[in-house]
Amino acid sequence: MEVEETSETRTSWSGETHSIPCDHAGKKRKQDPTESTTRIIEDDEEDEEGEMMSDHMKDSEEPSNKRVKPVAKSNSLTGVITPVKTPALKRIGQSISRSISFRTEARPLPPGPLRPRTKASSFPRRRNSQCWSDTVESHDLTAKEIKRQEVIYELTQGERQLIDDLILVKKVYYEPMLKLDILTESELGQIFGTLDSLIPLHQDLLSRLERLRGSEKTVGEVGPTLIDWFPFLESYVTYCCNQVGAKALLDQKKQEKRVEHFLRLCQESSFSRKLDLWNFLDLPRSRLVKYPLLVKEIQKCTPPDHPDEDTLPDALELIQSIVGEVNKKTGEAECQFYRRGLSYLEESQRLPEIQQSRFLYCHGELKNNKGQRLHVFLFELALVLSRPGEDRDGGQVFHVYRQPLPNALINLEEIPDGEASGGGAFRGAFSGGNDKVRNCFRVSSRGRSKAHPYSLQANDSFSKQQWITCLRQAIVQSRDRTAQTSQSQFSPHPDPALYHIADLSLSSDTEMADHTSR
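Numbering of residues starts from 1 in every chain and runs along the sequence as written. In keeping with the model being predicted, local features are shown solely for residues with a pLDDT of at least 70 and side-chain atom pairs are shown and tallied solely at 80 or more, while totals for entire chains, interfaces and linings include all residues. Each side-chain value is derived from all of the structure's non-hydrogen atoms; neither hydrogens nor water enter the calculation.

The name that an unreviewed UniProt entry assigns to the protein is Rho guanine nucleotide exchange factor 3, with the source organism given as Larimichthys crocea. UniProt positions are given in the numbering used here, feature names are shortened, and annotations may be inferred rather than shown by experiment. On record in UniProt, under Subcellular location (unreviewed entry), the comment for the protein is "Cytoplasm".

A run of H or I in DSSP becomes a helix once it reaches four residues, and a run of E becomes a strand once it reaches two; helices and strands are each numbered from the N terminus. When helices and strands are counted, the protein shows 15 helices and 11 strands. Three exposure classes are used, based on accessible area relative to the maximum for each residue type with a 1.4 Å probe and protein chains only: buried under 20%, partly exposed in between, and exposed over 50%. Burial statistics for the protein: of 518 residues in total, 47% are counted as buried.

Y173, F230, L233, Y236 and L281 are the most contacted members of the largest nonpolar core, which has 59 residues in total. The dominant element in this core, judged by the number of residues it contributes, is helix α3 (residues 143–179), at 11 residues. Whether two residues touch is decided by their heavy atoms; if any such pair falls within 4.5 Å, the residues are in contact. Non-local contacts of L233, meaning those with residues more than four positions away in its chain, are made with L201, H202, L288, Y291, I319 and I322. Throughout, nonpolar core names a set of buried Ala, Val, Leu, Ile, Met, Phe, Trp, Tyr and Cys residues whose side chains join them through atoms within 4.5 Å.

Take unusual backbone geometry next. Trans is the common state for peptide bonds, and a negative phi is the common state for residues other than glycine. Its identity as a non-glycine residue notwithstanding, D181 has a phi of 60°, on the positive side. Mapping D181 onto the fold places it in the loop between α3 and α4 (185–192). For N439, which is not a glycine, the phi torsion comes out positive at approximately 60°. Tracing the backbone shows N439 in the loop between α13 (424–431) and β10 (440–445).

Between rings of Phe, Tyr and Trp, where Trp is taken as its six-membered ring, a pair exists when centres lie within 6.5 Å; planes separated by under 30 degrees are stacked, by over 60 edge-to-face, and by other angles tilted. Taken as a whole, this structure holds 11 aromatic pairs when the rule is applied. Both rings, one in Y338 and one in F398, keep their centres 6.0 Å apart while their planes meet at 65°; by these two values the pair is edge-to-face. Here the residue Y338 occupies a position in helix α11 (residues 308–340), and F398 occupies one in strand β7 (residues 396–400), the gap between them amounting to 60 residues. Per residue, the accessibility class of Y338 equals that of F398, and both read buried. An aromatic cluster is built from F337, Y338, F377, F379 and F398, whose rings are joined through pairwise contacts. In this arrangement the basic side chain of K247 is found over the ring face of W278, its NZ or CZ atom lying 5.8 Å from the centre. Criterion for a charge above a ring: Arg CZ or Lys NZ at most 6 Å from the ring centre, at most 35 degrees from the ring normal.

The residues that make up patches have over 30% relative accessible area and no salt bridge, and they are joined within 9 Å when like-charged or within 5 Å when they are Val, Leu, Ile, Met, Phe, Trp or Tyr. Residue-level accessible areas treat just the shown protein chains as cover; the underlying method is Shrake-Rupley with a 1.4 Å probe. Should a side-chain nitrogen of Lys or Arg be within 4 Å of a carboxyl oxygen of Asp or Glu, the pair is scored as a salt bridge. Positive charges come from Lys and Arg, negative ones from Asp and Glu, while His and the chain ends are left out of the count. For this purpose, a charge sits on NZ of Lys, CZ of Arg, CG of Asp or CD of Glu. Together, E221, D305, E309, D310, D314 and E317 line one region of the surface with negative charge. Assignment of secondary structure puts D310 in helix α11. For D310, a relative accessible area of 60% gives the class exposed.

Structurally, R402 can be placed in the loop between β7 and β8 (405–406). Look past the residues within four positions of R402 in its chain and what remains in contact with it is Q349, K370 and Y454. Of the polar contacts made by the side chain of R402, one reaches the side chain of Y401; its length is 3.5 Å. Here a polar contact is recorded for every N or O atom pair within 3.5 Å, except that within protein the pair must consist of a potential hydrogen donor and a potential acceptor, and residues adjacent in sequence are included only if both atoms are side-chain atoms.

Here the focus is the packing of α3 against helix α5 (residues 195–212). Lines fitted to C-alpha atoms define the axes here, with helix axes fitted over just the stretch in contact, and angles between the N-to-C directions of these axes take values from 0 to 180 degrees. Two elements in contact, α3 and α5, have axes separated by 9 Å at closest approach and are oriented at 155°. Considering their axes alone, α3 and α5 lie roughly antiparallel with respect to each other. Crossing angle aside, the handedness with which α3 passes α5 is left-handed. Every residue of α5 that contacts α3 at L155, T156, E159, R160, L162, I163, L166, I167, V169 and K170 is listed here: L195, D196, L198, I199, H202, Q203, L205, L206, L209 and E210. When the residues that make up the contact of α3 with α5 are grouped by side-chain class, the tally is 12 nonpolar, three polar and five charged. Relative orientations are named as follows: roughly parallel for angles under 35 degrees, roughly antiparallel for angles over 145 degrees, roughly perpendicular for angles from 65 to 115 degrees, and oblique for any other angle. We call a crossing left-handed when the near helix sits turned anticlockwise from the far one by less than a right angle, and right-handed when that turn is clockwise. Think of it as three bins: nonpolar holds Ala, Val, Leu, Ile, Met, Phe, Trp, Tyr, Cys and Pro, charged holds Asp, Glu, Lys and Arg, and polar takes everything else, Gly as well.

What follows concerns α5. In an α-helix, one turn spans 3.6 residues, which is why side chains three or four residues apart end up on the same side. How far a helix is expected to stretch is found by multiplying one less than its residue total by 1.5 Å. A rise of 1.5 Å per residue sets the reference length of α5, with its 18 residues, at 26 Å; its end C-alpha atoms lie 27 Å apart and thus fit the reference within 8%. Those residues of α5 hidden inside the fold are in contact with α3, α4, α6 (223–229), α7 (236–253), α9 (277–281) and α10 (283–300).

Here we take up the state of the cysteines. Criterion for a disulfide: a pair of cysteine sulfur atoms at a distance within 2.5 Å. Summed over all chains, the structure comprises zero disulfides. There is no disulfide at C240, and the cysteine sulfur nearest it, in C241, is 7.2 Å away. A residue is classified by how much of its surface remains accessible, and C240, at 0% relative accessible area, is buried.

With that settled, consider the side chain of D308. The topology assignment puts D308 in helix α11. The exposure class of D308 is buried, given its relative accessible area of 0%. A distance of 2.8 Å separates a polar atom in the side chain of D308 from the backbone nitrogen of G223. Apart from residues no more than four positions distant in its own chain, D308 is found in contact with R148, G220, E221, V222, G223, P224, T302 and P313.

Spelled out as structure tokens, the structure:
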């Protein structure tokens, strides 16, 4: 909902077929939080290498009964620390880590002065990358059966790691911030949502999976266990729907010095693995969208005569429907959140299509032909241009810019790259002083005098194509919706006496007469 998340701003893409919103128009690339983690490690390599290597040597001296793969010698910390992979959620609307929008990824914080380490952390610095084959001394399984056990082991280990992270978030972030009065209990409740209730939920699955392991550490039938447990994931609807407002409040509170200082110290500590608080809060959603992938992989490695061959398809269908429902509800919550954040300068800007919209296709930053940065929302039924601002409490609001456009009335024109600019302002804003424009398109409205054409520029060609794809989809679906509404309004209502005729057999005229007389 491994939920992926850079110092770049992102554009959030989602459709009504949200699959969450939208791994909220196609599968969009979303940057893994570990990518930014790796970059941070490399940037700080020269300053911290001696200290980190010293810690690593201390770790290696501690007794251990686990089999660990040898680590190759390296002059870089990337050879010592294995980053945690946390793929991103197919959105809640779909998200691409490109130009605009809802930032759910790790952002490097300003570097602070290095502090001497006085006490080793009780939390591990890196994940254990152990495989199932490392836990058994010998086996006589086929390659396909080994692969199946590896995937099931990955499922089990993923649950264990998620539980550890959720407990860490509670102990290291929530409880200290409450005791130190860094945030109020109400604010913490809005940011952390129902995260505390997810811990026993995943502990339940972990205990079930561990009970399935036999004396030879192999798992036989896993399908019935998944079918029985997956329905509990419906509680993710509440957690994921809360994340939209939680992210906005967390970003707002980060502007306060005490909050920023506390979060920076936590991120600099070894237990965080260079991840910030939001990365941890978004892990459950990432885990949610990974379940269908794991079930597919187990199914792929299951022999035809295995008992799971009959149950895994049902488990896959069940988890896909749950993820789809969470995506849908989260998309509706996101749409409602941003609708409430719109500030109208004129009453004529309050189009009914905005209030009737149930989800967002996409939203993010675009430039107009004056070079001004606008935050643009493509709702289900309307296109809204806005300028970001703050309210009296420091919360984010979006001041509606010019007249919104109903999607059913939009004319879309793609401006090819390299086309000569039309005017001085257009040329200066979009081409940086050159005579060519790039990554631009134009939207206008049919039959509305107040709505002027809007020439807009995306950050790059990829974002431009995403906007055009979403706009085309929104235009087509809105026009179909309008046509169906008009047809239902003007079509004559059938005579109630004829309702039963379609159900009649042609065996006798008497039977038809009986039905018509009702």
